[in-house]
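# Descriptive structure summary
Residue-level listing of the chains:
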Amino acid sequence: MTAPKTQREVYVTGMVKDWITNDRVILEQARELLIDPRTLVSWVKLLLKTASRLKESTHAAWQVRQELAPNDFQRIAWGEVVEAIRAVEL
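Residues numbered from 1 in each chain as written. Predicted model: local features only at pLDDT ≥ 70, side-chain atom pairs only at ≥ 80, totals over all residues. Heavy atoms only, no water.

### Here's the deal with the overall build of the protein chain
A count of helices and strands for the protein chain gives five helices and zero strands. Secondary structure of the protein chain in N-to-C order comes out as α-α-α-α-α. In the protein chain, buried positions account for 36% of the 90 residues. Excluding contacts between residues fewer than 6 apart, the proportion of contacts in the protein chain whose partners are at least 24 apart in sequence is 69%. (Helix = DSSP H or I, 4+ residues; strand = E, 2+ residues; numbered from the N terminus. Buried < 20%, exposed > 50% of the residue type's maximum accessible area, 1.4 Å probe, protein only. Contact = heavy atoms within 4.5 Å.)

Pasting the structure below:
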């Protein structure tokens with residue numbers, strides 16, 4: 001898990017970090033999964049992939065998913081996402 005390098009990597013990483021750290025329910029669940037970061041990454045990917053099926057334009061995961069291209073999941077700096085989750089005080 002490396003730091004983002006391209007402008008797109010910075011953008012998509014920031015978008016995912018903002019979504020998780022600003023959604024209390026998602027943040028609490030993500031913190032429980034921090035024991036194994038691979039599980040956390042799989043869970044976040046699943047949430048975002050299934051969010052694309054939702055029709056609610058106000059749903060934060062749906063909004064993030066609309067911004068992500070199929071190959072953006074490889075661009076996300078997951079280490080930074082994990083660090084952002086750890087840094088938030090509940």
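### Here we look at the packing of helix α2 (residues 24-32) against helix α3 (residues 37-51)
One way to put it is that α2 packs onto α3 with a least axis distance of 9 Å and a crossing angle of 150 degrees. What the angle tells us is that α2 and α3 run roughly antiparallel. Helix-helix and strand crossings are classified by hand; for α2 and α3 the assignment is right-handed. For the pair α2 and α3, the contacting residues are I26, Q29 and A30 in the first and L40, W43 and L47 in the second. When grouped by side-chain class, the residues that make up the contact of α2 with α3 number five nonpolar, one polar and no charged. (Axes fitted to C-alpha atoms, helices over the stretch in contact; angles between N-to-C directions. Parallel < 35°, antiparallel > 145°, perpendicular 65-115°, else oblique. Left-handed = near helix turned anticlockwise from the far one by under 90°. Nonpolar A, V, L, I, M, F, W, Y, C, P; charged D, E, K, R; others polar.)

Keep in mind these numbers describe shape, not what the thing actually does.
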